[in-house]
Amino acid sequence: QVQLVESGGGLVQAGGSLRLSCAARRSLFSGNTMGWFRQAPGKERESILCNTNGGSTNYAGSVKGRFFASRDNAKNTVFLQMNNLKPEDTADYFCAATDVRVEVCSMLSKYEYNIWGRGTQVTVSS
């Protein structure tokens, strides 16, 4: 059963913006840590940000100040707003969830996220 579905990827020129969406099953949306990850060709999957129960969001240094997380509780959807995109942002983007509880969600490794969307592709051209 599909629990997370990403959308909004596509092709954009450097300096442009995209907003990714991740629609979650209602039972999954509340009470879980959510994260966004990306995987560029030939590279390991890396964390972009994480957020627990709508609290503070932890951003990776590579996207801080450019990418922003938000959520719409009524629609059971989280968003990733990506601004000032760079060619190095080209990757498959994934949202993920886990019920593992920690004080700071950045302490979690990607292996502790047990529910994943199938990803959406983002290509940034120069």
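Residues numbered from 1 in each chain as written. Predicted model: local features only at pLDDT ≥ 70, side-chain atom pairs only at ≥ 80, totals over all residues. Heavy atoms only, no water.

## Details of the overall build of the protein chain
Move 1: Looking only at helices and strands, the protein chain has one helix and 11 strands in total.
Move 2: Each helix (α) and strand (β) of the protein chain, taken in turn from the N terminus, gives the series β-β-β-α-β-β-β-β-β-β-β-β.
Move 3: In terms of C-alpha radius of gyration, the protein chain reaches 14 Å, essentially the compact-globule figure of 14 Å for 126 residues.
Move 4: Each principal axis of the C-alpha atoms in the protein chain carries an extent, and together these give about 40 × 25 × 25 Å.
Move 5: For the protein chain, the proportion of its 126 residues judged to be buried stands at 39%.
Move 6: The contacts of the protein chain with a sequence gap of at least 6 include a subset with a gap of at least 24, amounting to 59%.
Move 7: Total accessible area on the protein chain stands at roughly 6,900 Å², and carbon and sulfur atoms take up 46% of it. (Helix = DSSP H or I, 4+ residues; strand = E, 2+ residues; numbered from the N terminus. Rg over C-alpha atoms; globule rule 2.2 N^0.38 Å. Buried < 20%, exposed > 50% of the residue type's maximum accessible area, 1.4 Å probe, protein only. Contact = heavy atoms within 4.5 Å. Areas by Shrake-Rupley, 256 points an atom, 1.4 Å probe, with all protein chains shown as cover.)

## Here we look at the sheet that holds strand E3 (residues 18–24)
Move 1: Spatially, the four strands line up as an open sheet ordered E1-E3-E8-E7, and their pairing is antiparallel. Because the sheet does not close on itself, it has two edges, and the strands there are strand E1 (4–7) and strand E7 (67–72). This sheet shows a mean twist of 20° between the axes of neighbouring strands, independent of strand direction.
Move 2: The sheet contact formed by E3 and strand E8 (residues 77–82) spans six bridges and is antiparallel. Counted as the bridge partner of Cys-22 is Val-78 from E8. (Pairing = 2+ DSSP bridges. Axes fitted to C-alpha atoms, helices over the stretch in contact; angles between N-to-C directions.)

## A few points about the pattern of salt bridges
Move 1: Taken as a whole, this structure holds four salt bridges when the rule is applied.
Move 2: Residues joined by salt bridges that share partners form a network here, namely Arg-38, Glu-46, Arg-66 and Asp-89. (Salt bridge = Lys/Arg side-chain N within 4 Å of Asp/Glu carboxyl O.)

## Points about the nonpolar core
Move 1: Ranked by size, the top nonpolar core spans 26 residues in total, and within it Leu-4, Trp-36, Ile-48, Phe-67, Leu-80, Met-82 and Tyr-93 carry the most contacts.
Move 2: Where this core is concerned, the elements lending two or more residues are E3, helix H1 (26–29), strand E4 (33–39), strand E5 (46–52), E8, strand E9 (91–98) and strand E11 (120–125).
Move 3: Those residues in contact with Leu-4 that sit more than four places away from it in its chain are Cys-22, Ala-23, Ala-24, Leu-28, Met-34, Cys-95, Ala-96, Ala-97, Ile-115, Trp-116, Gly-117 and Arg-118.
Move 4: Listed in part, the six residues of the second largest apolar core include Phe-37, Ala-96, Leu-108 and Tyr-113. (Core = buried A, V, L, I, M, F, W, Y, C linked by side-chain atoms within 4.5 Å.)

## Thoughts on the side chain of Asn-51
Move 1: Position of Asn-51 among the secondary structure elements: in strand E5.
Move 2: Here Ser-56 takes part through its backbone oxygen, which lies 3.4 Å from a polar atom of the side chain of Asn-51.
Move 3: Polar side-chain contacts of Asn-51 include one of 3.3 Å to the side chain of Arg-71.
Move 4: Apart from residues lying up to four places away in sequence, Asn-51 is in contact with Asn-32, Thr-33, Met-34, Ser-56, Thr-57, Arg-71 and Cys-105. (Polar contact = N/O pair within 3.5 Å; in protein donor to acceptor, adjacent residues only side chain to side chain.)

Shape is all these values report; function is a separate question.
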